[in-house]
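Listed below, chain by chain, are the residues.
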Amino acid sequence: MKHLINPLDFSVEETEELLLLAEDIAKDRSRYSDVCHGKKLATLFYEPSTRTRLSFEAAMLNLGGNVLGFASGGDSSAAKGESVADTIRVVSCYADIVAMRHPKEGAALVAATHATVPVINAGDGGHQHPTQTLTDLLTIHSLKGRLDNLTIGLCGDLKFGRTVHSLISALGRYPGIKFVLISPEELKIPSYIRKEVLQKNDIAFKETEDLESVMPELDILYMTRVQRERFFNEEDYIRLKDKYILDMNKMALAREDMLVLHPLPRVNEISVEVDNDPRAVYFKQAQFGVYVRMALIMKLLGVELC
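Note that this is a predicted model, so its numbers are computed, not measured.

A. Main features of helix α1 (residues 12-27). In this model α1 runs 23 Å from its N-terminal to its C-terminal C-alpha over 16 residues, within 8% of the 22 Å that 1.5 Å per residue would give. Within the span of α1, buried status applies to T15, L18, L19, L21, A22, E23 and I25. Contacts from the buried residues of α1 go to α5 (130-144) and α11 (282-301).

Written out as structure tokens, the structure reads:
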């Protein structure tokens, strides 16, 4: 039985197979509409989510399966003090596969240790978000045609942004990848990512606070919001939240084929005028998220197209 807790749980070869399956699903979703008939997905979301939870539910329903679960910890027995370990033992009796989001780092790993069905980490605190990473990889692979020899700009909250941490780990396995890390000093990439992922694996990167100066270099610009829920100090959040705002003046500095990605939700870090630029693909990215989660559910359940 296989789980997905960390984006590196899948090898490069397994990731490639998953992305190819997702791209085939995108071409003709109707062919896959009954492959999970009789299967149930449990969505255990201890933390608020719109896109991730609904895309998981849409993915399972698109495959002909069913969905059960809860959308906040307050709606579960966690409000009574039940542990993650006990919850997952019980839910394993009700569902064939589980997608779990939790505010505490490592909670998904605890769940996988005690589960008798596959567990998918749908985000654990500021740690990892592997299905968003698969979504990002599918978006880049589908629109750029490759995952190697790319310069990736990561902008905004690089300290708490779990999507950024996961994407660095996953994309860093491909040749010719260079990261440009754009953030204020207070939101720089954690030292363990810098040392254990980037430096240890000899992955090219540079750090800067100036978005405009690096725009012409980028193949991909991955914007993130400054996350209010990760701050202990409201004053720090207010001071940093508008540090980077992508507008058409900045887009004019970029290459004609640069792509703008964002894991969403957006607050005001991307001006709405950018939405009409063909290089802005963050809403396409959300659609790709459904396809890649369909492929992931199929792979973990071991079901195939007949």
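There is more to say, and it comes next.
B. Just the nonpolar core, in detail. If you look at the biggest cluster of nonpolar residues, it comprises 60 residues, and the most contacted ones within it are L154, I168, L171 and F179. Looking at which element gives the most residues to this core, the answer is α11, with 11 residues. Excluding residues within four positions of it along the chain, F179 makes contact with I152, L154, L167, I168, L171, G172, L198, I203, A204, F205 and K206. M223, Y244, V260 and I270 belong to the second-largest nonpolar core, a separate cluster that totals 19 residues.

C. Quick look at unusual backbone geometry. The amide bond that connects L264 to the next residue, P265, takes the cis arrangement and shows omega of 10 degrees. Along the polypeptide, P265 turns up in the loop between β9 (259-261) and α11. For L264, which is not a glycine, the phi torsion comes out positive at approximately 60 degrees. Mapped onto the secondary structure, L264 falls in the loop between β9 and α11.

D. Just the side chain of D124, in detail. Mapped onto the secondary structure, D124 falls in strand β4 (residues 119-124). Side-chain polar atoms of D124 contact the side chain of N121, separated by 3.2 Å. Dropping the residues within four chain positions of it, D124 is found in contact with H102, K104, E105, G106, A107 and R162.

The rules we used
- Residues numbered from 1 in each chain as written.
- Predicted model: local features only at pLDDT ≥ 70, side-chain atom pairs only at ≥ 80, totals over all residues.
- Heavy atoms only, no water.
- Helix = DSSP H or I, 4+ residues; strand = E, 2+ residues; numbered from the N terminus.
- Expected span 1.5 Å × (residues − 1).
- Buried < 20%, exposed > 50% of the residue type's maximum accessible area, 1.4 Å probe, protein only.
- Contact = heavy atoms within 4.5 Å.
- Core = buried A, V, L, I, M, F, W, Y, C linked by side-chain atoms within 4.5 Å.
- Polar contact = N/O pair within 3.5 Å; in protein donor to acceptor, adjacent residues only side chain to side chain.

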